[in-house]
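Single-letter residue listing:
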Amino acid sequence: MSHLELTGLSKSFGTTKVLNDVSLSVRNGEFLTLVGASGCGKSTILRVIAGLEPQDSGTVQIGGRGVDHLSTILALGVTLPRNCSKAKTMRFPRKKPNLNTPPTCKT
């Protein structure tokens with residue numbers, strides 16, 4: 001795993017500030033656990049790191065390279081089927097992964 005660094009990361013949903021100036025560094029070989037109450041931002045911070053959610057401010061770097069929402073999605077070639085909405089559950093194949101096969105929506 002490459003070195004992970006978050007600097008001044010902030011994220012709001014409407015008027016609710018979920019992440020406020022979060023900074024952390026995880027070096028190669030280190031292990032990090034996010035612990036906190038429900039709704040405190042654990043999943044949001046992971047979604048920002050993964051590029052699934054854009055941050056309002058701050059930077060995410062992995063291995064010294066900046067990561068942002070759009071570049072991560074484009075690099076992975078991930079697209080959601082047009083008939084998917086957030087309310088539906090994504091279904092991924094359980095067999096040997098094929099990154100060329102997009103996920104489908106469970107109806």
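I will try to describe carefully the structure that is included in this document. This is a predicted model, so every value here is computed, not measured.

## Re the overall build of the protein
- Helix and strand counts for the protein stand at 2 helices and 6 strands.
- The helix and strand sequence of the protein, counted from the amino end, reads β-β-α-β-β-α-β-β.
- Taking all 107 residues of the protein together, the buried fraction comes to 22%.
- Partitioning the contacts of the protein with sequence separation of at least 6, the portion at a separation of at least 24 is 37%.
- Working note: accessible area of the protein is about 8,200 Å², and carbon and sulfur atoms make up 55% of it.

## A look at the packing of aromatic side chains
- Tallying each qualifying case throughout the model produces 0 aromatic pairs.
- We note lysine 11 situated over the ring of phenylalanine 13; from NZ or CZ to the ring centre the distance is 5.0 Å.

## As for helix α1 (residues 42-50)
- Residues of α1 that are buried: Thr44, Ile45, Val48 and Ile49. Across the axial projection of α1, the buried residues extend over an arc of 135°, all falling on one side.
- At its buried positions, α1 is contacted by β1 (4-13), β2 (16-26), β3 (57-62) and β4 (65-67).
- Where α1 ends, the next residue or the one after it, glycine 51, has phi of about 85°, a positive value.

The rules behind each value
- Here the residue numbers are simple positions, counted from 1 along each chain's written sequence.
- The predicted origin of the model limits local features to residues at a pLDDT of at least 70 and limits the giving and counting of side-chain atom pairs to 80 or more, whereas totals for whole chains, interfaces and linings rest on all residues.
- Only hydrogens and water are removed before side-chain values are computed, so all heavy atoms of the structure are retained for them.
- Only DSSP runs of H or I covering at least 4 residues are called helices, and only runs of E covering at least 2 are called strands; the numbering of each starts at the N terminus.
- For every residue, the accessible area (1.4 Å probe, protein chains only) is compared with the maximum for its type, and the residue is labelled buried under 20%, exposed over 50%, or partly exposed between those bounds.
- Residue contacts follow a heavy-atom distance rule, with two residues in contact if any of their heavy atoms lie within 4.5 Å.
- Accessible surface area values rest on a Shrake-Rupley calculation with a 1.4 Å probe, where residue burial reflects the displayed protein chains alone.
- A pair of Phe, Tyr and Trp rings is counted when the ring centres sit within 6.5 Å of each other, with Trp represented by its six-membered ring. The angle between the planes then sorts it: under 30 degrees is stacked, over 60 is edge-to-face, the rest tilted.
- The criterion for a charge sitting over a ring is simple: Lys NZ or Arg CZ within 6 Å of the ring centre, and within 35 degrees of the ring normal.
- Note that the arc is defined by the directions from the helix axis to the C-beta atoms.

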